[in-house]
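Close look at the chain arrangement
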There are 2 protein chains.
Amino acid sequence: MQKAILLSDSELSLRLQKVTAAMQSAALEAILLSDNASKYYITGRVFAGYVYITASGQLTCFIQRPVELDGPRVIYIRKPEDVPSHVAAPKSLGFEVNTTCWATVERLHALFPDTPVGNASAVMMHARSTKTPAELSLIRESGIRQEAVYRRIPSLYREGMTDLEFQIEIERASRLEGCLGQFRISGDSMELFMGSIIAGDNADAPSPYDFAMGGAGLHPSLPVGADGSIIKPGMTVMVDVNGNYTGYMTDMTRVFALGQISDHALKAHECSIRIHRALTRAGALGTPASRLYEIAVEIATEAGLERYFMGHRQHAKFIGHGLGIEINELPVIAPRSRDVITPGQVIALEPKFVIPGVGAVGIENTYYITPEGHWECLTNAPEEIIRL
Amino acid sequence: MQKAILLSDSELSLRLQKVTAAMQSAALEAILLSDNASKYYITGRVFAGYVYITASGQLTCFIQRPVELDGPRVIYIRKPEDVPSHVAAPKSLGFEVNTTCWATVERLHALFPDTPVGNASAVMMHARSTKTPAELSLIRESGIRQEAVYRRIPSLYREGMTDLEFQIEIERASRLEGCLGQFRISGDSMELFMGSIIAGDNADAPSPYDFAMGGAGLHPSLPVGADGSIIKPGMTVMVDVNGNYTGYMTDMTRVFALGQISDHALKAHECSIRIHRALTRAGALGTPASRLYEIAVEIATEAGLERYFMGHRQHAKFIGHGLGIEINELPVIAPRSRDVITPGQVIALEPKFVIPGVGAVGIENTYYITPEGHWECLTNAPEEIIRL
């Protein structure tokens, strides 16, 4: 039996409402969804095919595979060219132009050649940027399970391990706890397998990807994360692994260390925690995300740590991001972000430092923005540097 | 230090030759590559940015991240709009329209608005469809390591395990052997984490993805593979896990079983092996891939097994595929394929059966097509059903 289930009627209609409100703001009469993450969001299942939504709230699933799915709004098609006979030509139509390849969007656009190409990616990003109560409970559950794994991490370390060997045991513990493995990233430029464990100076290896931390990786085909270094006294080990336990992710980073690490590194770690406290206090409803970025930089600068903030040889240009089905949702906590803090957002903050000769320090937590604008932490493992 | 390395000059010029030959056939004066797999193919490294190639064989890397890469053909840019000042406007220009999102291709096209959008995806797919000796040696190495893992699989089984628990131990063994984890699939419609382990009737759960076998999966967000069933006597367990050990993959499937399985299922497994032998004999240079598909169906039909061939409730419409950096390269062994067998191709054949009440049977091997047209097997674990 397919375990794929439809959303409850009330959850479906809540999500549809959010999507159609965003469509109305974007002046789109219809959208045609092709991205797995969007299809999962709006139907509760993944299939090969398309979802057509009108601004009046009518949703139709056009399914190619798998066989035998049913539901009130399901139409089986052989190819996208079968879609137009089932819907009236809209006056304006959005496609997922930020995630679907050019050739597919052109093919879909040819179904309704008289309408210009509208941007359904922006609509879906906006709708998904605030979470429903049902989504929040899935994210909460991921946080609880991820915390359970993080608390077991010290017991997984054995003397003489490389960063990779340590990572493999953390991966296994995550999977046994129910981690689904798949690490969903919107768009096609970033690649990561199950997260990254970065020991010592490997934290300073610049990465091609838009992640907060780098790492040289094990192979030129995947230059990120663990590089096979042996974990040695005086090094930190930053653990930032996949929190997808429910189809919705949490994102948590903690730091472990072997032996004594330098006061300089300890001070930077405390600065990261201080930034968390400051941002969650400053981030009232309506606060610009760009302002939170500035505050973080101010605190790092005051502490004399700006050279090490968000990297050392290479600096990341954001300190936090929304997340949910994918790891890179809205809002973006970055200098030129136009997002503002809004109830229902789920935001990972990750003010981190790279200290040459020691490694990466700082923590990452995932927060839920409550209706009152409080930042509720969903990733509650101990925040101090834990001795291995 | 970045471990990312440039290709040797001779390997780079061999690959460039293949790409420029394909560009000339496609009448493209230049291509602008944006896909990680293509950038890795043509430069030996992954970076944020673009690769510009002219049909005369001039290659330029336009790099945004990481910092500090060097090389004779490297130009740092801040944004794609910086590219045109470094190159002459070409008369025709290809973009990676099958893998790069619509918005990015449109943005890149706007750099040279007077040239029509050409298809660089087809160029790269064609060039990559036959492997260089250096690529072959990486694929060979993946095959050797994957085989070592598969030989250890029976020792990883413990009585009472679920398919998922078994999978987690196989994942760990693969990672300890050097598997990089990342499972590269061209395009954005298929998702899979480290491959699939499918026990018993879960093999008959239809999947939304274009994989040969389905499986309900553990969660509606990822409906493929293991579903948490306990492995029981009389069931088969089909193991098809990630063979990416070198940035180049092999693809191998083997079947394990607890206790005695039905003669019907054994017969189907033997039929799969017979299909392998027949196709590798029939697949001389110049043979249409579609003809190999027909032969496979003929053999399954003669054996009275066509109802179970490539699935039961849902049938896959191919029995093999090229592979290399990604799991879905050319040629495709399918009814309407226009590919022909050519020296240097690397092809996975996977004639499989789903037997209700038992599970999936059949094997998958990866073959290299030698200059003489022999099919050399690169995945040499024992082919019979192995008792757990």
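Predicted model, so just to flag it, every value in this text is computed and none were measured.

Conventions and cut-offs
Residues numbered from 1 in each chain as written. Chains lettered and ligands numbered in written order. Predicted model: local features only at pLDDT ≥ 70, side-chain atom pairs only at ≥ 80, totals over all residues. Heavy atoms only, no water. Contact = heavy atoms within 4.5 Å. Buried area = accessible area lost by both parts, 1.4 Å probe. Salt bridge = Lys/Arg side-chain N within 4 Å of Asp/Glu carboxyl O. Helix = DSSP H or I, 4+ residues; strand = E, 2+ residues; numbered from the N terminus. Nonpolar A, V, L, I, M, F, W, Y, C, P; charged D, E, K, R; others polar. Least-squares fit on C-alpha atoms with pLDDT ≥ 70 in both. Pairing = 2+ DSSP bridges. Axes fitted to C-alpha atoms, helices over the stretch in contact; angles between N-to-C directions. Core = buried A, V, L, I, M, F, W, Y, C linked by side-chain atoms within 4.5 Å. Buried < 20%, exposed > 50% of the residue type's maximum accessible area, 1.4 Å probe, protein only. Expected span 1.5 Å × (residues − 1). pLDDT = per-residue confidence, 0-100.

**Comments concerning the interface of chain A and chain B**
Contact with chain A, which involves 63 residues of that partner, is made by 63 residues of chain B. With both sides pooled, the region where chain A packs onto chain B buries about 5,700 Å², and carbon together with sulfur makes up 54% of that total. Here chain A is connected to chain B by eight salt bridges. The dominant element in the side of chain A that touches chain B, judged by the number of residues it contributes, is helix α6 (residues 163-176) of chain A, at eight residues. Tallied by class, the residues present in the side of chain A that touches chain B amount to 31 nonpolar, 17 polar and 15 charged.

**Quick word on the relation of the copies chain A and chain B**
The transformation that overlays chain A on chain B combines an axial shift of 0.0 Å with a rotation of 180°, and the residual RMSD is 0.0 Å. The transformation relating the two chain copies, once decomposed into turn and shift, fits a two-fold axis. Most of the interface of chain A is mirrored in chain B, where 100% of its interface residues again form contacts.

**What to know about the sheet that holds strand β11 (residues 329-333) of chain B**
All names here are of chain B. Read across the open sheet, the five strands follow the order β11-β10-β12-β15-β16; overall the sheet is antiparallel. The outermost strands of the open sheet, each flanked by one partner alone, are β11 and β16 (375-377). Within the sheet, the average angular offset between the axes of one strand and its neighbour, ignoring direction, is 30°.

**Description of the nonpolar core**
Judged by nonpolar contacts, the single largest core of 90 residues is most densely connected at V19, I31 and I53 of chain A together with V19, I31 and I53 of chain B. Dropping the residues within four chain positions of it, I53 of chain A is found in contact with L16, V19, T20, M23, E29, A30, I31, L33, I42, Q58 and L59 of chain A.

**A closer look at the environment of V237 of chain B**
Following the sequence through the fold, V237 of chain B ends up in strand β8 (residues 236-241). Classification of V237 of chain B as buried rests on a relative accessible area of 0%.

**Quick notes on the pairing of strand β12 (residues 346-349) of chain B**
Residues and elements named next belong to chain B. Covered by surrounding structure in β12 are V346 and A348 together with I347 and L349, the residues of both alternating faces. Two strands pair when backbone bridges link them, and β12 and strand β15 (residues 365-369) are joined in this way by four bridges, in the antiparallel orientation. Looking across to β15, one finds that V346 is bridged to Y368.

**Digging into helix α5 (residues 133-156) of chain A**
With 24 residues, α5 of chain A should cover 34 Å at 1.5 Å per step; its first-to-last C-alpha distance of 35 Å lies within 8% of that length. Every buried residue belonging to α5 of chain A is among E135, L136, I139, S142, G143, Q146, E147, V149, Y150, I153 and L156 of chain A, and all of these are buried.

**Section: the confidence of the model for chain A**
The predicted structure's coordinates, where accompanied by low pLDDT, should not be read in detail. Here chain A averages 95 in pLDDT, and 98% of its residues register 70 or above. Taken together, the chains of this predicted complex give a pTM of 0.97 and an interface ipTM of 0.96.

**Describing the pattern of salt bridges**
Residues and elements named next belong to chain A. Counted under the stated rule, the structure contains 42 salt bridges over all chains. Here R15 and E11 are joined by a salt bridge, their closest N and O atoms 2.8 Å apart. In this pair, R15 and E11 both sit in helix α1 (residues 9-25), four residues apart, roughly one turn of the helix. Note on accessibility: R15 and E11 belong to one class, buried. With a closest N to O distance of 2.9 Å, K131 and E329 form a salt bridge. Of this pair, K131 sits in the loop between α4 (120-128) and α5 while E329 sits in strand β13 (residues 329-333); the two residues are 198 residues apart in sequence, bridging distant segments of the chain. For the residue pair K131 and E329, the accessibility class agrees, reading buried in each case.

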